[in-house]
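Results of the structural survey
Residue strings, one per chain:
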Amino acid sequence: RCTVDDRVTRVAWLNRSTILYAGNDKWSIDNRVVILSNTKTQYSIKIHNVDVYDEGPYTCSVQTDNHPKTSRVHLIVQVPPQIVNISSDITVNEGSSVTLMCLAFGRPEPTVTWRHLSGKGQGFASEDEYLEITGITREQSGEYECSAVNDVAVPDVRKVRVTVNYPPYISNAKNTGASVGQKGILQAGGIGEVGALSWTACMFPSRLANGPEGVRIESKGRLSTLTFFNVSEKDYGNYTCVATNKLGNSNASIILYG
């Protein structure tokens with residue numbers, strides 16, 4: 001808006017050195033710019049759908065008794081934060097170095113932060129567009145949240161999942177007792193991305209080594225079960241469950257006793 005009085009004979013609006021309007025005559029070819037009022041007290045223009053390129057100085061120029069006068073206003077355009085580029089979900093091996101990227105745009109320039117959304121809650125990771133993790137561990141797997149904030153509007157939030165592969169290890173391996181003629185069950189579970197679970201008989205070449213008769217091996221997910229349907233004396237001994245994936249293997253011994 002530009003306030004004028006009855007001494008004004010000519011009026012114009014300029015954007016930098018470009019004339020937008022001279023009186024009621026439009027000089028700008030931009031359809032978004034329109035004249036709002038041209039009266040004895042006010043000379044105003046309106047800009048629809050403002051974008052960042054409209055930011056800058058605008059000048060109201062008036063002519064009064066052969067004395068030109070100008071009034072200048074600076075238009076500041078604010079833009080909500082927007083994440084324009086972010087890393088994709090990634091799978092890495094334990095010990096690798098990982099760099100996550102989160103690029104955001106906004107005016108004023110947004111602040112970008114990374115947080116690790118672990119099972120223990122949100123852990124601060126980095127106050128930067130780039131999050132660098134050197135020698136990543138299995139505990140550092142999970143979702144990472146990027147947030148862009150500039151107080152113009154609500155933050156823009158995106159997430160990236162980081163999967164960390166590591167060699168397997170065996171859990172829930174307990175020695176088990178079973179009477180002769182009864183059923184005996186040995187169980188072991190693999191932790192990690194387990195590619196395979198297998199059983200071997202370490203102390204005695206029992207029926208496990210000689211064939212599957214009377215013995216069943218079941219693997220469901222990361223749990224493997226070795227079942228003897230009719231335990232005999234020769235079945236007693238030490239058994240080993242082996243968990244294997246592309247990064248290595250692990251084993252645990254379980255004793256079947258009488």
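Right above here is the structure, for reference.
Position labels on residues start from 1 in each chain and follow its written sequence. pLDDT decides what is reported in this predicted model: residues at 70 or higher carry local features, side-chain atom pairs at 80 or more are listed and counted, and totals for whole chains, interfaces and linings draw on all residues regardless. Think of the side-chain values as coming from all heavy atoms in the structure, minus any hydrogens and water.

As for the nonpolar core
Formally: What we call a nonpolar core is a set of buried Ala, Val, Leu, Ile, Met, Phe, Trp, Tyr and Cys residues that are connected through their side-chain atoms within 4.5 Å. Any residue under 20% of the maximum accessible area for its type is buried, any over 50% is exposed, and the rest in between are partly exposed; the area is computed with a 1.4 Å probe on protein chains only. Starting at the N terminus, helices and strands are each numbered in turn, a helix being any DSSP run of H or I of at least four residues and a strand any DSSP run of E of at least two.
In this structure, L100 and W114 are the most contacted members of the largest nonpolar core, which totals 18 residues. Sorting the residues of this core by element identifies β8 (79-86), β10 (98-107), β11 (111-118), β13 (130-133), β14 (142-149) and β15 (156-165) as the ones contributing at least two each. Ranked by residue count, the leading element in this core is β10, at four residues. With 15 residues, the next largest nonpolar core counts A178, L186, F228 and Y236 among its residues.

Quick notes on the side chain of N15
Filter applied, for reference: A 3.5 Å cut-off defines polar contacts: any pair of N or O atoms within that distance qualifies, except that in protein one atom must be a possible hydrogen donor and the other a possible acceptor, and neighbouring residues in sequence count only when both atoms are side-chain atoms.
Following the sequence through the fold, N15 ends up in strand β1 (residues 8-15). Within the local environment of N15, its side chain forms a polar contact with the side chain of R16, the two groups lying 3.5 Å apart.

A word on the sheet that holds strand β21 (residues 223-228)
Going by this rule: The criterion for strand pairing is that DSSP finds at least two bridges linking the strands in question. Axis definition: a line fitted to C-alpha atoms, limited for helices to the stretch in contact. Angles are taken between N-to-C directions and run from 0 to 180 degrees.
With antiparallel pairing, four strands are arranged side by side in an open sheet as β16-β18-β21-β20. Either end of the sheet is taken by a strand with one partner, and the two such strands are β16 (169-171) and β20 (215-220). Sheet twist, expressed as the average angle between the axes of neighbouring strands with direction ignored, equals 25°. The sheet contact formed by β20 and β21 spans six bridges and is antiparallel. Residue pairing in the sheet places V215 in a bridge with F228 of β21.

What to know about the pattern of salt bridges
The condition is simple: Salt bridges are identified by distance alone: a Lys or Arg side-chain nitrogen within 4 Å of an Asp or Glu carboxyl oxygen.
In the structure shown here, the tally under the stated rule is seven salt bridges. Its salt-bridge partner being R216, residue E218 comes within 3.7 Å of it at the nearest N-O pair. Classification of R216 by relative accessible area gives partly exposed; the value is 38%. One continuous salt-bridge network, built from bridges that share partners, spans D30, R32 and D54.

Re the environment of V160
Inspection of the secondary structure puts V160 in strand β15. A relative accessible area of 1% means that V160 is categorised as buried. Along the backbone, V160 and E145 are 15 residues apart, and their C-alpha atoms lie at a distance of 6.5 Å.

Looking at the environment of T91
Cut-off, in case you're wondering: We call two residues contacting when some pair of their heavy atoms lies within 4.5 Å.
As for its position among the elements, T91 is in strand β9 (residues 90-93). Ignoring any residue separated from it by four or fewer positions in sequence, one finds T91 in contact with T163 and N165.

Some words on the state of the cysteines
The cut-off we apply is this: Our working definition of a disulfide is a cysteine sulfur pair at a distance within 2.5 Å.
Applying the stated rule across the entire model yields two disulfides. The disulfide bridge from C2 ends at C60, spanning 2.0 Å between sulfur atoms. Taking the sign of the torsion about the S-S bond as the criterion, the disulfide between C2 and C60, at about -85°, is left-handed. Here the residue C2 occupies a position in the segment before β1, and C60 occupies one in strand β6 (residues 56-64), the gap between them amounting to 58 residues. Considered together, C2 and C60 belong to a single accessibility category, that of buried residues. Put simply, C102 and C146 are joined by a disulfide, and their sulfur atoms are 1.9 Å apart. Its S-S torsion of approximately -85° makes the covalent link between C102 and C146 left-handed.

A closer look at unusual backbone geometry
In the segment running from R107 into P108, the intervening peptide bond is cis, with an omega of 0°. Unlike most non-glycine residues, N49 shows phi in positive territory, near 50°. Note that N49 resides in the loop between β5 (43-47) and β6. On the basis of relative accessibility, which here comes to 67%, the residue N49 falls in the exposed class.

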